[in-house]
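Observations on the model geometry
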Amino acid sequence: MPDELAGLVDAARGGDQSAFEALVRATTADTYTLAFRLTGNEEDARDVVQETYLRAYKGIGKFRGDAQFSTWLYRITANCAANQLGRRKRHRHDDLADDAPIEDLSPDVDPSAQAEASNLRERLTVALDDLPPTLRSVVVLRDVYDLPHEAIAAELGISESAAKVRLHRARKQLRERLFRLPGEEVDARAV
Amino acid sequence: MRCEQLTEHLAAVAADGAELSDEAAQAHVESCLRCQAELAQYRKLLKALRTLRTEVLVPAPGLVTDILTNIEARGERSAMRSVIKGRKLAYVGGVTLAATAGGAAALLVLSRRKLRAAS
């Protein structure tokens, strides 16, 4: 943790309101980025960020400082995003099952437009967006933000073994989406 | 050994830099171009995923203000709740005190009457 941030965290833990505000300003973009990656849309991401900082505000006094502040904040964000997605799921009843093939919602799109997204990073971002939220959360938290399996399982409210299974499924779906092996069948809807 | 049996291990090997513990699995990968290609793809995928960590999305303006306003509002609500709670406690305390004082006065009057009657 940079010294400046560490100083702010210490001050905020001691009840310094302006230090907490400075922490919010310093970390909002990072928290929003994770929230957006987990929820896949701006509206939910903003709600998740608001809830995250409310919880952080209430819990900053209990933050022990033995973990990085950013990791602590990521864990709160992951938990808030899981709750948000759970609420969406209950309202919409349209969440994809873990094993459901990825559906291309615009099958008639111009192939040249798809070719434009040739950059691996861009294609990866698109593929991540298309993953079911349950799989996306795990792969983002583990492979992008490097959270341990135990923390991921705790914040998403699942067992560690379930987290590992989801991680494997997510990686497999992403690999199949981005690359093709000789003789490997690729679901036409998933391309 | 079949390639399908190894796919989960290949992803883990690519992610953690671990080695395949099983000798048969190791031998299979060394002689199987398909598994080697899959391993290379997982490595590429994980490298690309890690690069996303450096990307920061900029939220639409106003988010920080919204967060701080929300916290302030929550803080005010919390303060109001504690004031109301404090008033409730004071009210209950007052009623209890008055009842106790009333009881004590009644006891005093009764005991004096008894004393008078006895004398």
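Residues numbered from 1 in each chain as written. Chains lettered and ligands numbered in written order. Predicted model: local features only at pLDDT ≥ 70, side-chain atom pairs only at ≥ 80, totals over all residues.

Details of the overall build of chain B
When you go through chain B residue by residue, the secondary structure sums to 4 helices and 0 strands. In chain B, buried positions account for 15% of the 119 residues. Summarising the internal contacts of chain B: among those between residues at least 6 apart in sequence, 55% fall at separations of at least 24. (Helix = DSSP H or I, 4+ residues; strand = E, 2+ residues; numbered from the N terminus. Buried ≥ 20, exposed ≤ 12 C-beta atoms within 10 Å, placed from the backbone. Contact = placed C-beta atoms within 7 Å.)

Details of the interface of chain B and chain A
The interface is formed by 30 residues belonging to chain B together with 30 residues belonging to chain A. The leading source of residues in the side of chain B that touches chain A is helix 3 (residues 33–51) of chain B, at 11 residues. A per-class count over the side of chain B that touches chain A returns 18 nonpolar, 4 polar and 8 charged. (Nonpolar A, V, L, I, M, F, W, Y, C, P; charged D, E, K, R; others polar.)

Here we look at the confidence of the model for chain A
Residues and elements named next belong to chain A. Residue-level pLDDT values for chain A average 83, and 77% of them are 70 or greater. Segment residues 113–117 is flagged for pLDDT under 50; beyond a separation of four residues in sequence, or across chains, it makes 4 contacts in the model. Long-range and interchain partners of residues 187–191, a stretch whose pLDDT sits below 50, account for 10 contacts in this model, where long-range means more than four residues apart. (pLDDT = per-residue confidence, 0-100.)

Here's the deal with the packing of helix 6 (residues 120–130) of chain A against helix 3 of chain B
Packing of helix 6 of chain A against helix 3 of chain B leaves a shortest axis separation of 10 Å and a crossing angle of 85°. In terms of axis orientation, helix 6 of chain A runs roughly perpendicular to helix 3 of chain B. From helix 6 of chain A, Leu120, Arg121 and Leu124 of chain A reach across to helix 3 of chain B, where they touch Ala48, Leu49 and Thr51 of chain B. Per-class residue counts for the contact of helix 6 of chain A with helix 3 of chain B are 4 nonpolar, 1 polar and 1 charged. (Axes fitted to C-alpha atoms, helices over the stretch in contact; angles between N-to-C directions. Parallel < 35°, antiparallel > 145°, perpendicular 65-115°, else oblique.)

Here we look at the domain arrangement of chain A
Often, the extent of an interface is quoted as the loss of accessible area on bringing the components together. All names here are of chain A. The domain boundaries assigned to chain A delineate domain 1 (1–93) and domain 2 (104–191). For the side of domain 1 that touches domain 2, the secondary structure elements donating two or more residues are helix 2 (17–39) and helix 4 (69–92). A total of 7 residues in the side of domain 1 that touches domain 2 trace back to one element, the largest contributor, which is helix 4. Of the residues contributing to the side of domain 1 that touches domain 2, the split by class is 7 nonpolar, 2 polar and 2 charged. (Domains from an automatic or database assignment.)

A closer look at helix 6 of chain A
Regarding helix 6 of chain A, the residues found buried are Leu124, Ala127 and Leu128 of chain A. For helix 6 of chain A, the buried positions fall inside an angular range of 100° around the axis, keeping them on one side. Next to the buried residues of helix 6 of chain A lie helix 7 (133–144) and helix 9 (160–178) of chain A together with helix 3 of chain B. (Arc of directions from axis to C-beta.)

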